Amino acid sequence: MSSSETGPPAEPAGALPVVAPQLRALRRRASLTLEAAARDAGLSPAHLSRLETGQRQPSLPMLLSLARIYGTTVSELLGESAAGRDAVVRAADMESTAAGGWTYWQAGAAGRGMQALRVHVPHGSQGDIVRVHPGEEWLYVLKGRLRLRLGDTVHRLAPGDSAHFDSLTPHRIAASDPDGVELLFVHTLLQSPTAALCLGPIHGEAT
């Protein structure tokens, strides 16, 4: 599957102020050149350079891809400390982060191999992006209705419905309601330098 860096417009500089230096530092820690890291992530070197200098902000799928390539977690890319690895995450401590049109909250301890997020997906956001990557995903619809495409099958999920699937199955996530959809989202973050997230539209299909 071909990769694409096509996606929603970049968010204003400063939306994720810690990400830019973290991206650069973790790439260097992984002993990867800008060109090699960009190639593995399916980005151009110029695009990755803009991410590292804060001129553009990465989407959540980009963060997942770069975390796998650098052998780390999304939490570390966001500059979150794993100190103590507290088992309990208090609602008051969950700060929202916007990326690629989504808003998400870290719902699990940082630095773990399994990542838990609460995610708000606005209507029309990233609905044309196909995701394929190693691991498993589990999601649970809290509010709104979700349109989930797994391979060639489309599923419509309502509040209380859930899905658990192999992430190597090409999948799309889109909100069916104008107000968007809110999810609990858990995925296994395989920390392999060779694991990459493949993004790109499936041409000729209706979203």
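For the structure itself, look to the data block above.
This is a predicted model, so every value here is computed, not measured.

Student: Before we move on, can you summarise the sheet that holds strand β1 (residues 96–99) with the specific residues and values?
Tutor: Overall, antiparallel pairing links the six strands, which are arranged β1-β2-β3-β10-β5-β8 in an open sheet. Since the sheet does not close on itself, it has two edges, and those belong to β1 and β8 (162–166), each with one partner. Adjacent strand axes in the sheet meet at a mean angle of 25 degrees when their direction is disregarded. Pairing of β1 with strand β2 (residues 102–106), which is carried by four bridges, proceeds in the antiparallel orientation. By the bridge assignment for β2, Thr 97 is matched with Tyr 104.

Student: A description of the nonpolar core should follow, citing residues and the corresponding values.
Tutor: In terms of nonpolar packing, the biggest core is built from 40 residues, with Leu 48, Tyr 70, Leu 77, Tyr 104, Leu 139, Leu 146 and Leu 148 touching the most fellow members. Ranked by residues supplied to this core, first place goes to helix α4 (residues 60–69) with seven residues. Apart from the residues lying within four places of it in its own chain, the contact partners of Leu 146 are Leu 139, Val 141, His 155, Arg 156, Leu 157, Ile 173, Ala 174, Ser 176, Val 181 and Leu 183.

Student: So, unusual backbone geometry: which residues are in play, and what are the values?
Tutor: Look at Ser 31: it is not a glycine, yet its phi comes out positive at around 60 degrees. Following the sequence through the fold, Ser 31 ends up in the loop between α1 (19–29) and α2 (34–41). The exposed category is assigned to Ser 31, whose relative accessible area is 66%.

Student: I'd love a proper account of the packing of α2 against α4, names of residues and values included.
Tutor: Running from N to C, α2 and α4 point in directions that differ by 125 degrees, and their axes come no closer than 10 Å. When the axis of α2 is compared with that of α4, the two are oblique. Between α2 and α4 lies a crossing whose hand is right-handed. Residues Ala 37, Asp 40 and Ala 41 of α2 touch α4, and the partners they reach there are Ser 65, Leu 66 and Ile 69. For the contact of α2 with α4, the residue count by class is four nonpolar, one polar and one charged.

Student: Mind laying out the packing of aromatic side chains, listing which residues take part and the relevant values?
Tutor: Any pair of aromatic rings gets described here by the distance separating the centres and the angle formed by the planes. Taken as a whole and judged by the stated rule, the model has one aromatic pair. With a centroid separation of 6.1 Å and an interplanar angle of 20 degrees, the aromatic rings of Trp 138 and Tyr 140 are classed as stacked. Classification of Trp 138 by relative accessible area gives partly exposed; the value is 30%. Overall, the relative accessible area of 29% leaves Tyr 140 in the partly exposed class. Seen from the ring of Trp 105, Arg 118 lies directly overhead, with NZ or CZ sitting 4.1 Å from the centre.

What counts and how
- Residues numbered from 1 in each chain as written.
- Predicted model: local features only at pLDDT ≥ 70, side-chain atom pairs only at ≥ 80, totals over all residues.
- Heavy atoms only, no water.
- Pairing = 2+ DSSP bridges.
- Helix = DSSP H or I, 4+ residues; strand = E, 2+ residues; numbered from the N terminus.
- Axes fitted to C-alpha atoms, helices over the stretch in contact; angles between N-to-C directions.
- Core = buried A, V, L, I, M, F, W, Y, C linked by side-chain atoms within 4.5 Å.
- Buried < 20%, exposed > 50% of the residue type's maximum accessible area, 1.4 Å probe, protein only.
- Contact = heavy atoms within 4.5 Å.
- Parallel < 35°, antiparallel > 145°, perpendicular 65-115°, else oblique.
- Left-handed = near helix turned anticlockwise from the far one by under 90°.
- Nonpolar A, V, L, I, M, F, W, Y, C, P; charged D, E, K, R; others polar.
- Phe/Tyr/Trp six-rings, centres within 6.5 Å; stacked < 30°, edge-to-face > 60°.
- Lys NZ or Arg CZ within 6 Å of the ring centre and 35° of its normal.

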